[in-house]
Amino acid sequence: MRAFVLYMGGLALLGARALREGVMPPYRVSLFLGEVYTTGVTSLPFTIISALFAGMVVALQSAHEMARFGAKLYVGMAVGIAMVRGVGPVLTGLLVGGKVGAGIAAEVGSMKLTEQIDALRMIGTSYVKILVVPRVLAGIVVFPLLTVVADLVGMVGGLPIALFELNVDARLYWNGIYQIVTLQDVFTGLAKAAIFGLLIGLIGCHQGLTVEGGTAELGRAATMTVVHIGLAILIADFLFQKLVFIL
């Protein structure tokens, strides 16, 4: 319990400091754009492949269950609402977030072990503004965009299952998605993705900044980053969805 409280306190303090440093000039736009490329563009193929098969799996499972009750015409609705509300943002956060978070922890941790962060302190430069703020902002911006891509690709992935497994017309499939998916569902999924991006950036940076020892500890920190990100995303998904239903 003591270790948990210390970890959460350190994470909260790092987030508060990143917020303060982020709103104060100068603004490191070039660093932010570089992190957007590293986080988003390089993760795009991975996102597309995973979302494509996720949409196919959702459609395949829905198809067999709905066929039992004569409701196969609604497979488009099932795929659309599942991708937008849950599968899209959570899948992107877990798979892409684990990859991105481990990379952040390894990069920041190696900079700490080689005393580059101490060098930034010595010259009077805020390491939080240089290392943490661009990565956190990039996560907040990039993960909603990746979620949009995952949602669309997942819906496209479910189309062949509807066509060849259930013989559902393509227009009927897309009409079902259009009827069931609302703007509230879309914005809910994007808000989830933004929160996931915030958590991924903070956890990755915190793990890197608190690493101690040698290269063996650096590998352990990267591994624990993936674990912490997975737990944080699942817990945040539940709490956010519960809050949405209450409101």
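Note: the structure precedes this text.
The structure presented is a predicted model; accordingly, all values stated were derived computationally and were not measured.

Details of helix H2 (residues 29-41)
So, step 1. Taking 1.5 Å of rise per residue, the 13 residues of H2 would be expected to cover 18 Å, and the 17 Å separating its terminal C-alpha atoms lies within 8% of that figure.
So, step 2. Within H2 the residues assigned to the buried category are Glu35, Thr39 and Gly40. When H2 is viewed along its axis, its buried side chains cluster within an angular range of 105° and face the same direction. Pointing more than 90 degrees away from the buried face of H2 are the exposed residues Ser30 and Tyr37.
So, step 3. Looking at the buried residues of H2, the elements they touch are helix H3 (44-68), helix H4 (75-113) and helix H6 (127-164).

Brief notes about unusual backbone geometry
So, step 1. That bond from Pro25 to Pro26 is cis: its omega, 0°, falls within 30 degrees of zero.
So, step 2. Within the fold, Pro26 resides in the loop between helix H1 (2-23) and H2.
So, step 3. Phi angles above zero are rare outside glycine, and Glu115 is one such case at about 65°.
So, step 4. In this fold, Glu115 is placed in the loop between H4 and helix H5 (116-122).

A word on the pattern of salt bridges
So, step 1. As enumerated under the stated definition, the model contains eight salt bridges in all.
So, step 2. The closest approach of N and O atoms between Arg85 and Asp185, which form a salt bridge, is 3.0 Å. Linking Arg85 in helix H4 with Asp185 in helix H8 (residues 183-209), this pair joins segments that are 100 residues apart in sequence.
So, step 3. Accessibility expressed as a relative area gives 37% for Arg85, which makes it partly exposed.
So, step 4. Residue Asp185 is classed as buried on the basis of its relative accessible area, which comes to 7%.
So, step 5. Between Arg171 and Asp169 there is a salt bridge whose closest N-O contact spans 3.3 Å.
So, step 6. Taken together, the shared-partner salt bridges connect Glu35, Glu107 and Arg135 into one network.

Remarks on the nonpolar core
So, step 1. Counting residues in hydrophobic clusters, the biggest one holds 33 residues, and the most contacted among them are Ile117, Tyr127, Val132 and Leu209.
So, step 2. Mapped onto this core, the elements with two or more residues apiece are H1, H4, H5, H6, H8 and helix H9 (215-246).
So, step 3. At 10 residues, the largest contribution of residues to this core is made by H6.
So, step 4. Leaving out residues up to four positions away in the same chain, Val132 has contacts with Leu14, Ala18, Tyr127, Cys205 and Leu209.
So, step 5. Listed in part, the 19 residues of the second largest apolar core include Ala63, Ala71, Val79 and Val84.

Analysis parameters
- Here the residue numbering is sequential within each chain, running from 1 through the sequence in written order.
- Side-chain atom pairs in this predicted model are given and counted only at pLDDT of 80 or more, local residue features only at pLDDT of at least 70, and totals for whole chains, interfaces and linings cover all residues.
- Note that the side-chain values use all heavy atoms of the structure and ignore hydrogens as well as water.
- Helix numbering and strand numbering both begin at the N terminus, where a helix is a DSSP run of H or I of at least 4 residues and a strand a DSSP run of E of at least 2.
- By definition here, a helix of n residues has an expected span of 1.5 Å times n minus one.
- Note on classification: 1.4 Å probe, protein chains only; a residue is buried when its accessible area is under 20% of the maximum for its type, exposed when over 50%, partly exposed between these limits.
- The arc in question is the one traced by the directions running from the helix axis out to the C-beta atoms.
- The criterion used for residue contact is that any of the two residues' heavy atoms lie within 4.5 Å.
- Salt bridge, as used here, is a side-chain nitrogen of Lys or Arg placed within 4 Å of a carboxyl oxygen of Asp or Glu.
- Only buried residues count toward a nonpolar core, which is a set of Ala, Val, Leu, Ile, Met, Phe, Trp, Tyr and Cys residues joined through side-chain atoms within 4.5 Å.

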